[in-house]
Amino acid sequence: MPFTMHHHTNLRIPGPTPIPPEVLDVMSRQMINHRGSEYGAIQHEVLENLRHFFQTEQDVLLFTGSGTGGLEAAIVNTLSPGDRVLSVPMGVFGERFARIATAYGVDVRRLEVPWGSAAQPDTLEQALAEMHDCRAVLLTCNETSTGVMNDMAALIEVVRRLAPPPPLLLVDAVSALGAVDLPMDQLGIDVMITGSQKAWMAPPGITMLGVSSRAWEYHSRARLPHFYWDFTTQRNAQSKHMDAWTPAVTTMFALHRALALMCAEGRDNTFARHKRIAAYTRQRLRATGLSLFADPGSESPTVTSARVPEGIDGKALLRQAMDQYGVVLGDGQDKLAGRILRIGHMGWVTEPDIDDAVAAIEQSLASMGATVRPVSGTRAEQCLANARAE
Ligand SMILES: Cc1ncc(COP(=O)(O)O)c(C=O)c1O
């Protein structure tokens with residue numbers, strides 16, 4: 001039998017992601033004084049290690065909240081009512097970024113990208129050329145809802161070529177950072193946002209933002225209303241090794257330990273592992289006979305999307321994978337609900353987790369009457385070899 005029954009749950013949604021035992025261990029710790037020296041030391045190490053993964057010498061700020069809070073913080077701290085910005089939505093999360101800005105009275109122009117595709121530098125260039133006085137560009141690095149990653153260097157290059165001063169670059173890197181090589185300073189990103197529950201192997205609760213010196217200049221003139229998310233208040237608190245408000249202490253213990261594990265693996269090794277596992281996931285799904293949703297060449301290294309075969313009820317497929325095999329897959333979101341399935345592979349993940357997930361998909365599809373080509377033995381080894389060669 002190609003598939004052995006697993007009695008644990010294989011959580012393969014694209015966040016929250018599974019947490020390694022070393023990290024789970026520290027989450028049962030007693031509370032500590034969040035304004036004391038022990039917390040200060042933890043915060044110091046977390047910030048140092050985050051700077052290493054953000055590849056920045058500039059500020060990294062922490063806020064208790066989810067990634068959406070981080071997106072909101074980026075907007076309210078840098079913009080003013082009526083500011084004109086260009087958003088480039090390519091799925092649910094790009095839409096959300098645009099909606100947050102709209103909710104605050106920002107003049108949001110849109111460059112629509114078909115779901116499943118990446119933004120193209122030439123269309124971005126054209127959209128910017130047709131806009132006057134663009135204050136900021138809102139980009140999504142990795143669109144988790146479609147499994148597509150943008151070529152950030154190519155897109156940013158276009159923005160930076162604009163007559164000085166180029167617009168501010170606000171980048172949603174919630175499901176990319178920690179897994180993907182995104183050198184913030186080298187690329188010239190002004191605010192880069194992520195969340196603890198994604199590639200960071202920690203539970204939800206903390207959003208982390210890299211903030212450039214140019215973003216601080218914008219911040220000094222920004223007039224959108226805000227209080228909780230104020231960058232200056234948090235920076236002042238962090239300079240005293242504290243948080244402005246009561247932090248998510250348990251998530252902070254976890255993030256501290258997880259970052260130590262990531263540093264022990266090594267930044268480049270972490271990035272390489274994500275690339276390799278994403279390639280393996282694609283190889284396995286294709287070998288099974290599924291068709292991938294993301295355009296070739298734009299596939300995400302942290303989440304893979306595949307079309308649900310014709311005639312199969314996508315929701316029933318996910319239910320079967322969970323109930324029968326303990327594999328929890330991501331559904332499509334919004335207009336893609338029931339039409340695609342998504343496999344998350346960020347953070348604590350290795351190839352056997354993917355074998356387990358793909359086997360559950362194969363078995364579930366077979367039991368629902370779909371034609372599949374279950375992969376095992378030498379064909380699985382071939383997928384592994386192909387992925388390593390990619
Ligand atoms: C790319 C992206 N942006 C933003 C978010 C929103 O983050 P949260 O759900 O933590 O609010 C997510 C969450 O999945 C995401 O993947």
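Colleague: Describe the overall build of the protein, naming the residues involved and giving the relevant values.
Modeller: A tally of regular secondary structure across the protein gives 14 helices and 13 strands. Taking 2.2 N^0.38 as the reference for a compact globule, 390 residues should give roughly 21 Å; the C-alpha atoms of the protein span a radius of gyration of 21 Å, in line with that estimate. Here the protein, with 390 residues, has 59% of them falling under the buried criterion. Put simply, of all contacts in the protein between residues at least 6 apart along the chain, 73% involve residues at least 24 apart. Accessible surface for the protein amounts to roughly 15,800 Å². Of this, 51% is attributable to carbon and sulfur atoms. Charge-centre separation for the protein: the mean point of 35 positive side chains lies 2 Å from the mean point of 42 negative side chains.

Colleague: Tell me about the site of the ligand, and please be specific about residues and values.
Modeller: Around the ligand sit S66, G67, T68, F93, R96, N142, T144, D172, V174, S175, Q197 and K198, and that is every residue in its neighbourhood. Take G67: an N or O atom from its main chain is 2.8 Å from an oxygen atom of the ligand. A distance of 2.6 Å separates a nitrogen atom of the ligand from a polar atom in the side chain of D172. The fraction of the free accessible surface of the ligand (390 Å²) that becomes covered by protein chains is 89%. Mapped onto the shell around the ligand, the elements with two or more residues apiece are α3 (67-78) and α4 (92-103). Of the residues contributing to the shell around the ligand, the split by class is 2 nonpolar, 7 polar and 3 charged.

Colleague: Describe the pairing of strand β3 (residues 84-87), naming the residues involved and giving the relevant values.
Modeller: Where β3 lies against strand β4 (residues 107-110), 4 bridges are found, and the strand directions are parallel. Within the sheet, the bridge partner assigned to R84 lies in β4 and is D107. Between the parallel elements β3 and β4, the chain passes through α4 in a crossover that is right-handed. Examined bridge by bridge, β3 and strand β5 (residues 136-140) share 3 bridges and lie parallel to one another. When the sheet's bridge partners are listed, S87 is paired in β5 with L138.

Colleague: Give a detailed account of the sheet that holds strand β11 (residues 303-307), specifying residues and quantitative values.
Modeller: Overall, mixed pairing links the 4 strands, which are arranged β1-β12-β13-β11 in an open sheet. Only two strands of the sheet have a single partner each, and these edge strands are β1 (10-12) and β11. Taken over all neighbouring pairs, the strand axes of this sheet differ in orientation by 30° on average, direction set aside. As defined by bridge partners, strand β12 (residues 327-331) adjoins strand β13 (residues 340-344) across 2 bridges and the pair is classed as antiparallel. When the sheet's bridge partners are listed, G330 is paired in β13 with R342.

Colleague: How would you sum up the packing of aromatic side chains? Please name residues and give values.
Modeller: Taken as a whole and assessed by the stated rule, the structure comprises 9 aromatic pairs. With a centroid separation of 4.8 Å and 85° between ring planes, the pair formed by Y228 and W229 is classed as edge-to-face. By relative accessible area, which is 32% here, Y228 ends up partly exposed. Among the aromatic residues, those joined into a cluster by ring pairs are F63, W216, F227, Y228, W229, F231 and W245. Above the ring of F253, the side-chain terminus of R29 is found at 4.3 Å from the ring centroid. In this structure, K335 is placed above the aromatic ring of W115, and the distance from its NZ or CZ to the ring centre is 4.2 Å.

Colleague: Give a description of the pattern of salt bridges that names residues and reports values.
Modeller: Scanning all chains against the criterion turns up 18 salt bridges. With a shortest N-O distance of 3.1 Å, D190 and R214 are connected by a salt bridge. Of this pair, D190 sits in the loop between α7 (184-187) and β9 (191-195) while R214 sits in helix α8 (residues 213-221), and the two are 24 residues apart along the sequence. On the basis of relative accessible area, R214 is assigned to the partly exposed category, the value being 23%. When the shortest N-O distance is used, the salt bridge between E265 and R273 registers 2.7 Å. The structure contains a network of salt bridges with shared partners spanning R84, D107 and R109.

Colleague: Quick one: what's the story with the sheet that holds β5, residue by residue and with numbers?
Modeller: A sheet is described by the order of its strands in space; here 7 strands give the open sequence β2-β10-β9-β8-β5-β3-β4, paired in mixed fashion. One side of each edge strand has no neighbouring strand; the edge strands of this open sheet are β2 (59-64) and β4. Across this sheet, the average inter-strand angle for adjacent strands is 20°, counted without regard to direction. With 5 bridges connecting them, β5 and strand β8 (residues 168-172) associate as parallel partners. Within the sheet, the bridge partner assigned to A136 lies in β8 and is L168. Relative to the sheet, α4 contacts β3, β4, β5, β8 and β9, its axis offset from that of β5 by approximately 150°.

Colleague: Got a sec to walk through unusual backbone geometry? Specific residues and values, please.
Modeller: In this model, G15 is joined to P16 through a cis peptide bond whose omega is 0°. By the element assignment, P16 lies in the loop between β1 and α1 (21-26). Backbone geometry places D133, a non-glycine residue, at a positive phi of 60°. Turning to its location among the elements, D133 is positioned in the loop between α5 (121-129) and β5. Given the relative accessible area of 64%, D133 is considered exposed. The backbone of M201 shows a phi angle near 60°, a positive value even though the residue is not glycine. Along the polypeptide, M201 turns up in the loop between β9 and β10 (206-211).

The rules behind these values
- Residue numbers here run from 1 along each chain, matching the order of that chain's written sequence.
- The predicted nature of this model means local features are confined to residues of pLDDT at least 70 and side-chain atom pairs, given and counted, to a pLDDT of 80 or more, with totals for whole chains, interfaces and linings taken over all residues.
- Think of the side-chain values as coming from all heavy atoms in the structure, minus any hydrogens and water.
- Only DSSP runs of H or I covering at least 4 residues are called helices, and only runs of E covering at least 2 are called strands; the numbering of each starts at the N terminus.
- The size measure is the radius of gyration over C-alpha atoms, and the globule rule it meets is 2.2 Å times the number of residues to the 0.38 power.
- Remark: exposure states derive from per-residue accessible area (1.4 Å probe, protein chains only) relative to the maximum for the residue type, with buried under 20%, exposed over 50%, and partly exposed in between.
- Only heavy atoms enter the contact rule, under which two residues are in contact if any of them lie within 4.5 Å.
- Reported accessibility uses the Shrake-Rupley method at a 1.4 Å probe radius. Residues are deemed covered only where the shown protein chains occlude them.
- The convention is simple: Lys and Arg are positive, Asp and Glu are negative, and His and the chain ends are not counted.
- A single reference atom marks each charge: NZ on Lys, CZ on Arg, CG on Asp, CD on Glu.
- Whether a residue is near a molecule or strand depends on its heavy atoms: it is near if one of them lies within 4 Å of it.
- Think of a polar contact as two N or O atoms within 3.5 Å of one another; within protein, one of them needs to be a possible hydrogen donor and the other a possible acceptor, and neighboring residues in sequence only count if both atoms come from side chains.
- Asp, Glu, Lys and Arg are counted as charged, while Ala, Val, Leu, Ile, Met, Phe, Trp, Tyr, Cys and Pro are counted as nonpolar; the rest, among them Gly, fall into the polar class.
- DSSP-based pairing: two strands are paired if at least 2 bridges between them are found.
- Here is how to tell: hold the view so the strands point away, follow the path from the first strand over the helix to the second, and if it runs clockwise the crossover is right-handed.
- To define axes, lines are fitted to C-alpha atoms, for helices over the stretch in contact only, and angles between the resulting N-to-C directions are given on a 0 to 180 degree scale.
- Any Phe, Tyr or Trp ring, taking Trp's six-membered ring, that has another such ring centre within 6.5 Å forms a pair; planes under 30 degrees apart are called stacked, those over 60 apart edge-to-face, and the others tilted.
- Only when the NZ atom of a Lys or the CZ atom of an Arg is both within 6 Å of the ring centre and within 35 degrees of the ring normal do we say a charge sits over the ring.
- Salt bridge, as used here, is a side-chain nitrogen of Lys or Arg placed within 4 Å of a carboxyl oxygen of Asp or Glu.

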